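Remarks on the overall topology
Here are the chains, one letter per residue:
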Amino acid sequence: MPKIGIIGGSGVYGVFEPKETVKVHTPYGRPSAPVEIGEIGGVEVAFIPRHGKHHEFPPHEVPYRANIWALKELGVERVIGITAVGSLREEYKPGDIVITDQFIDFTKKRDYTFYNGPRVAHVSMADPFCPEMRRIFYETAKELGFSVHEKGTYVCIEGPRFSTRAESFMFRQYAHIIGMTLVPEINLARELGMCYANIATVTDYDVWADKPVDAQEVLKVMKENNYKVQELLKKAVPRIPEERKCGCAEVLKTMFV
Ligand SMILES: CSC[C@H]1O[C@H](OP(=O)(O)O)[C@H](O)[C@@H]1O
Ligand SMILES: Nc1ncnc2[nH]cnc12
């Protein structure tokens, strides 16, 4: 059973040669695509392309609950979310990698929880990312010589449109990177006691800089930098300890009312 699950974002459609493809049905419908099972550096891993095999799910229609539920059902304990993000700061440059450590939620109408009653849960989100995985990804990216940021606050917008200049200016006051998919993927993983880490690749300077971002630019830059994500996963995944000492699952003890 794979203990590590990877959710690939825009431009990331396969991170290994799958040994098996599993069709999972969940109480929340089907995941974005059948789950691919394979190996990275000798470690069994499950993979789901977030937007579907042919990028058919826009960010606000991704079946986030089904994706996380399917991974959980397959035995996954740690989720690695790969995302393409815009930069809100000069020093976060296109091509850089960010090991996100905080987020701000500006989404509007998604399915945020597995607990819509009668069971009620309030999950702690103060430190939402797995510290064990974050350390491993940061150190490995540095070893590989990549330009990597140890921290970054990700503001998640509803999309599918990009921001206005006024919105971007506001987001710049308190976040470093911007995307459309971290929420509610991370909330849902945490509600099931899973670890979550985000490897974000910067693709553009959003709309505050001279040239406003467009989708073609995001996909082009992501394609050019895909090898970094592949190399990082290849080297870092085998370093993730099987036994979790991070405490991410501790939230389950206190979240139910
Ligand atoms: C293709 S442009 C916008 C699109 O790219 C990012 O996707 P992901 O986070 O899944 O890599 C962004 O969040 C939007 O969904
Ligand atoms: N500038 C941007 N805004 C929102 N999502 C993005 N994904 C990649 N670049 C983005």
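Note that residues are indexed from 1 along each chain, following the sequence as it is written. Whichever chain is written first becomes A and whichever ligand is written first becomes 1, with later ones labelled in order. Under the rules for a predicted model, residues below a pLDDT of 70 receive no local features and side-chain atom pairs below 80 are neither given nor counted, while totals for whole chains, interfaces and linings still include all residues. No hydrogens and no water enter the side-chain calculation; it runs on all heavy atoms of the structure.

Notes on the overall build of the protein chain
What counts is decided by this rule: Per the convention used, a helix needs a DSSP run of H or I reaching at least four residues, while a strand needs a run of E reaching at least two, with both numbered from the N terminus. Put simply, the radius of gyration uses C-alpha atoms, and a globule should come to 2.2 Å times the residue count raised to 0.38. Three labels apply to residues, based on accessible area from a 1.4 Å probe with only protein chains included: buried if under 20% of the type maximum, exposed if over 50%, partly exposed otherwise in between. As used throughout, the charge tally considers Lys and Arg to be positive and Asp and Glu to be negative, leaving His and the chain termini uncounted. A single reference atom marks each charge: NZ on Lys, CZ on Arg, CG on Asp, CD on Glu.
Summing up its helical and strand segments, the protein chain has five helices and eleven strands in all. Its C-alpha atoms give the protein chain a radius of gyration of 17 Å, near enough to 18 Å, the size a compact globule of 257 residues would have. Overall, the protein chain is about 45 × 40 × 35 Å in size when its C-alpha atoms are taken along their principal axes. Split into buried and exposed, the 257 residues of the protein chain put 56% on the buried side. Once the 33 positive and 34 negative side-chain charges of the protein chain are each reduced to a mean point, those two points are 1 Å apart.

Regarding the site of ligand 1
The cut-off we apply is this: Summary of the distance rule: residues count as near a molecule or strand when at least one heavy atom falls within 4 Å of that molecule or strand. Polar contact is the term for a pair of N or O atoms within 3.5 Å; when the atoms are in protein, one must be able to donate a hydrogen and the other to accept it, and sequence-neighboring residues count only if both atoms are side-chain atoms. Note on areas: Shrake-Rupley with a 1.4 Å probe; residue coverage comes only from the protein chains shown. Charged means Asp, Glu, Lys or Arg here, nonpolar means Ala, Val, Leu, Ile, Met, Phe, Trp, Tyr, Cys or Pro, and polar covers whatever is left, Gly included.
Around ligand 1 sit G9, S10, R50, H51, P59, T83, A84, F162, G179, M180, T181 and V218, and that is every residue in its neighbourhood. Here an oxygen atom of ligand 1 sits 2.8 Å away from a polar atom, N or O, in the main chain of M180. For ligand 1, whose unbound accessible area comes to 390 Å², protein coverage reaches 92%. Its residues assigned to classes, the shell around ligand 1 shows five nonpolar, six polar and one charged.

Focus on the site of ligand 2
Neighbouring ligand 2 are the residues A84, V85, G86, F162, I178, G179, M180, T203, D204, D206, V213 and V218. Here D206 contributes a side-chain N or O atom positioned 2.7 Å from a nitrogen atom of ligand 2. When ligand 2 sits alone it has 260 Å² of accessible area, and the protein chains cover 95% of it. The dominant element in the shell around ligand 2, judged by the number of residues it contributes, is strand β5 (residues 78–87), at three residues. The residue makeup of the shell around ligand 2, split by class, is seven nonpolar, three polar and two charged.

Looking at the confidence of the model for the protein chain
For the record, the criterion: Confidence scores here are pLDDT values: one per residue, from the predictor, ranging 0 to 100.
Model confidence for the protein chain is summarised by a mean pLDDT of 97, while 100% of its residues fall at 70 or above. By mean pLDDT, helix α5 (residues 215–236) is the weakest element of the protein chain at 95, and strand β9 (residues 153–157) is the strongest at 99. Here the predicted complex carries an ipTM of 0.99, next to a pTM of 0.98.

Here's the deal with helix α2 (residues 131–143)
Which entries qualify depends on this criterion: Each helix should span, by expectation, one fewer than its residue count multiplied by 1.5 Å. Should any heavy atoms of two residues lie within 4.5 Å, those residues are counted as being in contact.
For α2, spanning 13 residues, the distance from its first C-alpha to its last is 18 Å, which sits close to the expected 18 Å at 1.5 Å a residue. Residues E132, M133, R134, I136, F137, Y138, T140 and A141 constitute the buried set of α2. Against β5, β6 (97–99), β8 (148–149), β11 (195–204) and α5 lie the buried residues of α2. A positive phi of about 80 degrees marks G145, the residue just after α2.

A few points about a nonpolar patch on the surface
What counts here: Only residues above 30% relative accessible area that lack a salt bridge enter a patch, with like-charged residues linked at up to 9 Å and the nonpolar side chains Val, Leu, Ile, Met, Phe, Trp and Tyr linked at up to 5 Å. Salt bridges, as used here, are contacts in which a Lys or Arg side-chain nitrogen is within 4 Å of a carboxyl oxygen on Asp or Glu.
Together, F106, M170 and Y174 make up a nonpolar patch on the protein surface, roughly 250 Å² of accessible area in all. Since its relative accessible area comes to 34%, M170 is described here as partly exposed.

A closer look at the nonpolar core
For the record, the criterion: Put simply, a nonpolar core is a bunch of buried Ala, Val, Leu, Ile, Met, Phe, Trp, Tyr and Cys residues held in one set by side-chain atoms that sit within 4.5 Å of each other.
Judged by nonpolar contacts, the single largest core of 37 residues is most densely connected at V35, I68, L71, V79, I177 and M194. Looking at this core, the elements with two or more residues in it are β3 (35–40), β4 (43–49), α1 (64–73), β5, β9, α4 (182–191) and β11. No other element matches α4, which puts five residues into this core. In this view, V79 contacts G5, I7, L71, M133, A189, M194, C195, Y196 and A197; residues no more than four positions away in its chain are not counted. Of all hydrophobic cores here, the second largest spans 36 residues; its members include V15, I40, F146 and M222.

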